[in-house]
Amino acid sequence: MNIRTELENTVGVQPMIQLNDVDLNPAHIRAILINEVVPANPRQDFYGSREADYLTTTFALFREAGLPVTTIQELLDAGIYITNAVKIPKTESTVENSAIDISLPYLKKELSLFPQLKAILLMGDVAKKAFNKITKQTIKKNIVPAISTYKLRNSELYYGDIRIFPSYIMTGKNILIEKSKFAMAAEDIQRMLKLIQG
């Protein structure tokens, strides 16, 4: 299945929306990491190019977590898919609520494509907010409580049978500078890996 084709066929085509142009077997995917927002240049996104900015920090986090990957295909082969909560590049320093709302039907449909999903990692506050909007629509309540991520990290949160891991933003140069957040995000990925490999 091609993710972009599937989402455009079911949700529709919008000029501003950037979707993952990647072919995969949805039944092979066990975990999804939801990053905050697509980059301004699609080539810098997870499935854009081999040297994409987003992959630099992603691979560093997975290496720290004990999975030494060097390509996005290796992550897919390990049953891990990465996407962005907001499918429209941000125009200001913060992500606008309207961008989350426009992107939400795509994210909701995207998450529904994976029948063997065991874990979802919410990488940053925007991902948490978008995911809560989806759960509010589907089960009428927020899955992720509105408290600091570091207080939530050891909570066992579930959406049906899917384990939800609130974590920290995984892209951008700041994650490499903020050593404690980098270490915590890597720990969250490590716990996810144990869950899907166990």
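The structure this text deals with has already been given above.
What counts as what
- Residues numbered from 1 in each chain as written.
- Predicted model: local features only at pLDDT ≥ 70, side-chain atom pairs only at ≥ 80, totals over all residues.
- Heavy atoms only, no water.
- 1 Å grid on protein atoms, 1.4 Å probe; cavity = no way out; pocket = protein on both sides within 12 Å on 5 of 7 lines; lining within 4 Å.
- Points joined across faces, edges and corners; volume = space filled by probe spheres on them.
- Helix = DSSP H or I, 4+ residues; strand = E, 2+ residues; numbered from the N terminus.
- Nonpolar A, V, L, I, M, F, W, Y, C, P; charged D, E, K, R; others polar.
- Expected span 1.5 Å × (residues − 1).
- Pairing = 2+ DSSP bridges.
- Axes fitted to C-alpha atoms, helices over the stretch in contact; angles between N-to-C directions.
- Salt bridge = Lys/Arg side-chain N within 4 Å of Asp/Glu carboxyl O.
- Buried < 20%, exposed > 50% of the residue type's maximum accessible area, 1.4 Å probe, protein only.

Colleague: Requested: an account of the layout of surface pockets, with residues and values cited.
Modeller: Approximately 500 Å³ is the volume attributed to the largest pocket. Surrounding the largest pocket, 23 residues form its lining, Tyr54, Lys90, Ile169, Thr171 and Gly172 being those nearest its centre. Looking at the lining of the largest pocket, the elements with two or more residues in it are strand E1 (31-37), helix H2 (53-64) and helix H5 (125-139). The leading source of residues in the lining of the largest pocket is H2, at 4 residues. Looking at side-chain class alone, the lining of the largest pocket contains 11 nonpolar, 7 polar and 5 charged residues.

Colleague: Give a detailed account of H5, specifying residues and quantitative values.
Modeller: In an α-helix there are 3.6 residues to a turn, and that puts residues three or four apart on one side. The terminal C-alpha atoms of H5 lie 20 Å apart, and with 15 residues this matches the ideal 21 Å at 1.5 Å per residue to within 8%. Just downstream of H5, lysine 140 is the residue with a positive phi angle, here 65 degrees.

Colleague: A description of the sheet that holds strand E3 (residues 119-123) should follow, citing residues and the corresponding values.
Modeller: An order of E2-E1-E3-E5-E4 is seen for the 5 strands of this open sheet, with the pairing classed as mixed. The open sheet terminates on both sides in strands that have one partner only, identified here as strand E2 (80-86) and strand E4 (157-159). Between one strand and the next, the sheet's axes are offset by a mean angle of 30 degrees, whatever the strand orientation. One ladder, built from 6 bridges, connects E1 with E2; its direction is parallel. Within E2, the position partnered with valine 37 by the bridge is valine 86.

Colleague: Could you give me a rundown of unusual backbone geometry, with the residues and numbers involved?
Modeller: You will see that lysine 140, though not glycine, has its phi angle at about 65 degrees, which is positive. Considering the arrangement of structural elements, one finds lysine 140 in the loop between H5 and helix H6 (149-152).

Colleague: Can you break down the pattern of salt bridges residue by residue, with the values?
Modeller: All chains considered together, the criterion is met by 8 salt bridges. With a shortest N-O distance of 3.1 Å, aspartate 188 and arginine 153 are connected by a salt bridge. Of this pair, aspartate 188 sits in helix H8 (residues 179-197) while arginine 153 sits in the loop between H6 and E4; the two residues are 35 residues apart in sequence, bridging distant segments of the chain. Overall, aspartate 188 belongs to the buried group, its relative accessible area being 0%. Judged by relative accessible area, arginine 153 falls into the buried class, the value being 9%. As a salt-bridge pair, lysine 181 and glutamate 178 come within 3.5 Å of each other at their nearest N and O atoms.

Colleague: Tell me about the pairing of strand E5 (residues 162-167), and please be specific about residues and values.
Modeller: Counting buried residues along E5, 6 of its 6 residues qualify, which places the element largely inside the surrounding structure. Residues of E5 alternate between two faces, with Ile162, Ile164 and Pro166 on one and Arg163, Phe165 and Ser167 on the opposite face, all of them buried. Note that E3 and E5 share 5 bridges and pair parallel. Across the sheet, alanine 119 pairs through a bridge with arginine 163, a residue of E5. Connecting E4 to the next strand, E5, in antiparallel fashion are 2 residues, including glycine 160 with a positive phi near 65 degrees.

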